[in-house]
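Structure at a glance
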Amino acid sequence: MSNARRDTTSAAEMEAIVTHAIEATRRAGASQVDVLVVEGDDREVRVRGDEIEFVKQAQGRGLGIRALVDAKQGRQTSIVSTSDLARDAVDRMAEEAVALARATASDPTAGLPEGGFATEIPDLELFDPQDRNVTLEARIEDAKRAERAARSFDPRIDNSEGSQASSGHARVVYGNSEGFLGAYESASHGLFSEPLARDGDSMQRDYWMTSGRKLADLEDAAAVGRKAAERAIRRLGGKRVPTCEVPVIFDAMTAPSLIGQLASCVSGYSIYRESSFLAGKLGEMIADASVTIIDDALLPGGLGSKPFDGEGQPTRRNVLVENGRLQTWLLDTYAGRKLGMASTGSAARGTGSAPRVGTTNLWLEPSDASSGATLEAMIAELDRGLLVTELIGMGFNPTTGDYSRGAAGLWIEKGEIVHPVEEITIAGNLGDMFGQIDRIGSELIRYGRTASPPVRIARMTIAGA
Amino acid sequence: MSASDSSSGRDAATSERALSFFRDRFDLNDSSLATALDTALERQVDYADLYFEYTTTDSVSLEEGLVKSGDRHLEQGVGVRAIRGERQGYAHSDDISLESARLAAGTARAIADETRPHAPVEITPTRAGHDLYAVATAPTDVPVATKVDWLNEIDSYARSRDPRISQVMASIVCQHKHVLVAASDGTRVADVLPLVRMNVQVLAADGSRREVGYQGAGGRYELEQLRDPARWKKLVDEAVRIALLNLEAEACPAGAMDVVLGPGWPGILLHEAIGHGLEGDFNRKKTSAFSDKMGQRVAAEGVTVVDDGTIPGRRGSINVDDEGTPSRRNVLIENGVLVGYMQDRLNAELMGVEPTGNGRRESYAHMPLPRMTNTFMLAGEEDPEEILKSVDNGLYAVSFGGGQVDITSGKFVFSASEAYRIEGGRIGAPVKGATLIGNGPDVLTRVTAIGHDLALDEGVGTCGKDGQGVPVGVGLPTIRVNDLTVGGTEG
């Protein structure tokens, strides 16, 4: 398959655009300014059955300017973004940014970091130069292999939503009026398969996926298809269970959502806004003593890794919870100033938004291998309870910690899987749930930016029939 | 609420404005559109289309009593699609020009290998037939200072309502979108879509307890309409009331019980439980729990559900969909029987039916998919009070946050943000937000009462599918649903 493509903007050109935008915004009247330019090149293919369903290719660019204008007792702020990188368009945006900032209130906390910018850009192995030349045909072939493996796994797999492969490259350049200018390149590749299983009246879907910074890091395509099919098949014949209180195991696909929800409540913004149930609990035990949670932006090849954050601060490894004790908030410069603390290098930034706190590679530490806590062992240990394999809905309230979500999974009696479960909810309070973690798996596999071994919570309410 | 009232002729004005916008600013005219489409058609493709978009979005937000930032975003580009059978090729560029459209067309047509001779494309103007949201002033042209002043008023008003209100966050978001669609069958149509929204969230604190209350509203109309104090003060009052109410809320019961859903936003039940399952793509592929159920009973007698993109000023309304098909009012379920799916062009063609005006996309960077517009159940005849009285022991759910559905198994959830126990036919104590879960294909068969009080939501819904968000609306009269699982903590 041939295709015509626009030449990508070179790194030097992108840096020149950033420098130009900073100067233009200062000229227009800003006392401080930072600029982010992102260029991405993405390909996506989906195969369903024997047919290619779609092939999508795109190149996109974006420029974001944050203008800060000095005012009485503080600074006024605006954010403007555009995909038009021509010099005159950037000049117009710069003027607009300053005019917009002047219409807002003066905020004594607003401003760029006072120094401390990253002085070197560590090589975090965020892409493999070889992968840049990956052809569409190769990714179509990956999707086809996953799809074939899923479809031929079992006669009950007779349909699918398809198997999808994606490859993207991005270049990020960030600079500010304090003299910082940094750039990095990254890639991400993924493969996803979503087959359907049918048996009589029961029809179920499930998925499996793999992703990584390098194509070589991806799980074998056929294995992705097989695992997806296996997961769909085991859901056939799912039913409700009676309302009860039992121990609940979250598997490696569902446990990460709990870790992510906890991390969102450690964000400095939710703390100064008093909208987190963890506000005021710094230094306190907020989870079982077996719980250690880490956010590390410097993990080589990590899907969330980056050499500097959205404000040019060096990134680092932050231990959020150590042996159950809350160690730190996640902070960018603004939230840090609000709380009288230093940034933790956790600013996330898109071209169209102000810096905000975000996680990078976030995980729950696995238990020691000597714990013998494989998922199989955790199931075998359970007298009566639920293994959760899928969660749906958004039933989590960060202000109170109240938790209630739709779930599907497998019912366990006397250490054996008895039948699939669906159309139930699991409910509790996230704070209590972390306090009641009584078993953590010994194996950590990173399926995405946020990862967790399987986790058992001693007691949750299941609502069912 | 009345259904669409489209006066013919008026639509020409909006479409003409959009066309001249792309002509004047980007030099796009019928002959350049045809040239770009011709590039795609040089290969063996069945159909090709171009989607040009120029969108300005601005938002101003307040917290801690300060309007801390103003944002303005410009999104522009062209998406080019080629279709052959079930296969689609898609490419997009952030540059609006004939050259980038031709380049993208060259990429999109890569799904087909063979070249072929073809007749040149002849562009013919398409008429929407209605003009649902023309505004005199683009919401993005309202001065920022006006929005800043308004936010400050919202802040002081909210704080004045109750001493327990300790935080107020509010925002005004305005969008003005120009689109132009041209297709190889000659379709050419343009539209201008305004969209406004106001959000307010308050935090109420009492001792160690803190609760949030949220309310928002919006649609495709003049920003002035929202700026009417009588209107926005009611929204702020609601946010305050919900936060204070939740300070008193008890743990929610768990288990299967009879549920009464209030009017308006609880219509999200329809969106999740049946709406997605009736989108053409899932039914063409037979991956929906509703596949092959056309003509069958899927709801109780008396239940009629429609998806209507033609209601003037609504957030989910569109003059034409993002493939140029005029929007319309589609009946999905009529008196309990499944009678219609929602279609885009591709799936309609493959299923041998007409497109229904539901081919929508988030932006030029996304391929169209069958999507909902405004989805609601028609009113019944019962008195809402009587419906509540009919329940001995159950839950009364008045407002909801988000929801989600598994199309294939049909299982859906939606989370209550305001709910009460019903005891002996009377509204009891408020309970904490809980998730409700059910099975799409049979939940509406257990609707045992339909109120006369149909209401549409305030205009805040965004629907996500395949990573694409589009604005939608929902609506519902008060209804009683038996045996729905309520996901609380009190067994």
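Source: prediction; values computed, not measured. (Residues numbered from 1 in each chain as written. Chains lettered and ligands numbered in written order. Predicted model: local features only at pLDDT ≥ 70, side-chain atom pairs only at ≥ 80, totals over all residues. Heavy atoms only, no water.)

1. A few points about the overall build of chain A
- Within chain A one finds nine helices and 20 strands.
- In terms of principal-axis extent, the alpha carbons of chain A reach across some 70 × 60 × 40 Å.
- Of all 465 residues assigned to chain A, the portion counted as buried reaches 60%.
- Counting only contacts in chain A whose residues sit at least 6 apart along the sequence, the fraction spanning at least 24 positions is 73%.
- Accessible area for chain A stands at about 16,900 Å²; split by element, carbon and sulfur atoms hold 47% of it.
- Treating the 52 positive side-chain charges of chain A as one cloud and the 67 negative ones as another, the clouds have centres 2 Å apart. (Helix = DSSP H or I, 4+ residues; strand = E, 2+ residues; numbered from the N terminus. Buried < 20%, exposed > 50% of the residue type's maximum accessible area, 1.4 Å probe, protein only. Contact = heavy atoms within 4.5 Å. Areas by Shrake-Rupley, 256 points an atom, 1.4 Å probe, with all protein chains shown as cover. Lys, Arg positive; Asp, Glu negative; His and termini not counted. Charge placed at Lys NZ, Arg CZ, Asp CG, Glu CD.)

2. Some words on the overall build of chain B
- Of regular secondary structure, chain B possesses eleven helices and 23 strands.
- For a compact globule of 491 residues, the expected C-alpha radius of gyration is about 23 Å, and chain B comes in at 24 Å, within 12% of that figure.
- Across the 491 residues of chain B, 66% fall into the buried class.
- In chain B, 76% of the contacts between residues at least 6 apart in sequence involve partners at least 24 apart.
- Counting every atom, chain B has about 16,300 Å² of accessible surface; 46% of that belongs to carbon and sulfur.
- With 50 positive and 72 negative side-chain charges, chain B shows a spacing of 1 Å between the two charge centroids. (Rg over C-alpha atoms; globule rule 2.2 N^0.38 Å.)

3. Overview of the side chain of A:T292
- For A:T292, the location among the structural elements is in the loop between α6 (268–272) and β9 (293–296).
- At 3.0 Å, the side chain of A:T292 and the backbone nitrogen of A:N323 are in polar contact. (Polar contact = N/O pair within 3.5 Å; in protein donor to acceptor, adjacent residues only side chain to side chain.)

4. Here we look at helix α1 (residues 11–27) of chain A
Residue and element names in this part refer to chain A.
- Compared with an ideal rise of 1.5 Å per residue, which puts 17 residues at 24 Å, α1 spans 24 Å between its outermost C-alpha atoms and is within 8% of the ideal.
- Burial in α1 covers these residues: M14, I17, V18, H20, A21, I22, A24 and T25.
- Turning to α1, the residues buried within the fold contact β1 (32–48), β2 (51–71), α2 (87–102), β4 (157–176) and β5 (181–199).
- Just beyond α1, the residue with positive phi is G29, at close to 130 degrees. (Expected span 1.5 Å × (residues − 1).)

5. Structural notes on the state of the cysteines
- Applying the stated criterion across every chain yields a total of zero disulfides over all chains.
- Of all cysteine sulfurs in the structure, the one in B:C252 sits closest to A:C244, which takes part in no disulfide; the separation is 16 Å. (Disulfide = S-S within 2.5 Å.)

6. Some details on the nonpolar core
- A:I65, B:I154 and B:M198 are the most contacted members of the largest nonpolar core, which has 58 residues in total.
- Looking at this core element by element, the count peaks at eight residues for helix α6 (residues 229–247) of chain B.
- In this structure B:I154 touches B:A170, B:I172, B:M198, B:V200, B:W232 and B:V236, once residues within four positions along its chain are discounted. (Core = buried A, V, L, I, M, F, W, Y, C linked by side-chain atoms within 4.5 Å.)

7. Quick word on the packing of helix α2 (residues 30–41) of chain B against helix α3 (residues 98–108) of chain B
Residues and elements named next belong to chain B.
- Orientation of α2 relative to α3, taken along the N-to-C sense of each, is 20 degrees, at an axis distance of 8 Å. Relative to α3, α2 is oriented roughly parallel. Where α2 crosses over α3, the handedness of that crossing is right-handed. Along its contact with α2, which presents S32, T35, A36, T39 and A40, the element α3 presents L98, A101, R102, A105 and G106.
- For the contact of α2 with α3, the per-class residue count stands at five nonpolar, four polar and one charged. (Axes fitted to C-alpha atoms, helices over the stretch in contact; angles between N-to-C directions. Parallel < 35°, antiparallel > 145°, perpendicular 65-115°, else oblique. Left-handed = near helix turned anticlockwise from the far one by under 90°. Nonpolar A, V, L, I, M, F, W, Y, C, P; charged D, E, K, R; others polar.)

8. Considering the interface of chain A and chain B
- Opposite the 80 residues of chain A that make contact, chain B presents 73 residues.
- The contact between chain A and chain B buries some 6,000 Å² in all, and 49% of this surface belongs to carbon and sulfur atoms.
- The tally of links between chain A and chain B comes to 13 salt bridges.
- In this structure, the salt-bridge partner of A:E51 is B:R87, at a minimum N-O distance of 3.7 Å. (Buried area = accessible area lost by both parts, 1.4 Å probe. Salt bridge = Lys/Arg side-chain N within 4 Å of Asp/Glu carboxyl O.)

9. Digging into the pairing of strand β17 (residues 416–429) of chain A
Residue and element names in this part refer to chain A.
- With respect to burial, β17 is a largely interior element, eleven of its 14 residues being buried.
- Sheet topology note: the strand β16 (residues 402–413)/β17 ladder contains eleven bridges and is antiparallel. If you follow W411 over to β17, its bridge partner there is H419.
- Counting the residues that bridge the hairpin from β16 to β17 gives two residues, and of these K414 lies at a positive phi of roughly 50 degrees. (Pairing = 2+ DSSP bridges.)

10. So, the pattern of salt bridges
- Summed over the entire model, instances satisfying the criterion amount to 70 salt bridges over all chains.
- With a closest N to O distance of 3.9 Å, A:R66 and A:E311 form a salt bridge. Taken together, the residues span a long stretch of sequence, with A:R66 in strand β2 and A:E311 in the loop between β9 and β10 (317–322) at a distance of 245 residues. Like A:R66, the residue A:E311 is buried in the burial classification.
- Look at the salt bridges and you will find they share partners, linking A:E194, A:R205, A:D206, A:R231, A:R235, A:D251, A:E390 and B:D406 into a network.

11. Some remarks on the packing of aromatic side chains
All names here are of chain B.
- A complete count under the given rule lists 21 aromatic pairs over all chains for this structure.
- Ring centres of F22 and F26 lie 6.3 Å apart, and the angle between their planes is 35 degrees; this geometry places the pair in the tilted category. Here F26 and F22 lie together in helix α1 (residues 11–26), a separation of four residues that amounts to about one turn. For the residue pair F22 and F26, the accessibility class agrees, reading buried in each case. (Phe/Tyr/Trp six-rings, centres within 6.5 Å; stacked < 30°, edge-to-face > 60°.)

12. Quick look at the environment of A:A101
Residues and elements named next belong to chain A.
- Within the element layout of this structure, A101 appears in helix α2.
- Along the chain, A101 and Q76 lie 25 residues apart, while their C-alpha atoms are 5.3 Å from each other.
- The contact partners of A101, leaving out residues within four places of it in the chain, are A67, V69, Q76, T77 and S78.

13. Considering α2(A)
- Taking 1.5 Å per residue, 16 residues should reach 22 Å; α2(A) reaches 23 Å between its end C-alpha atoms and fits that length.
- By the burial criterion, the buried members of α2(A) are A:A89, A:V90, A:M93, A:A94, A:A97, A:V98, A:L100 and A:A101.
- Residues of α2(A) that are buried in the fold lie against α1, β2 and β3 (74–82) of chain A together with β2 (66–84) and α4 (144–161) of chain B.

Functional significance is not addressed by these values, which are geometric in nature.
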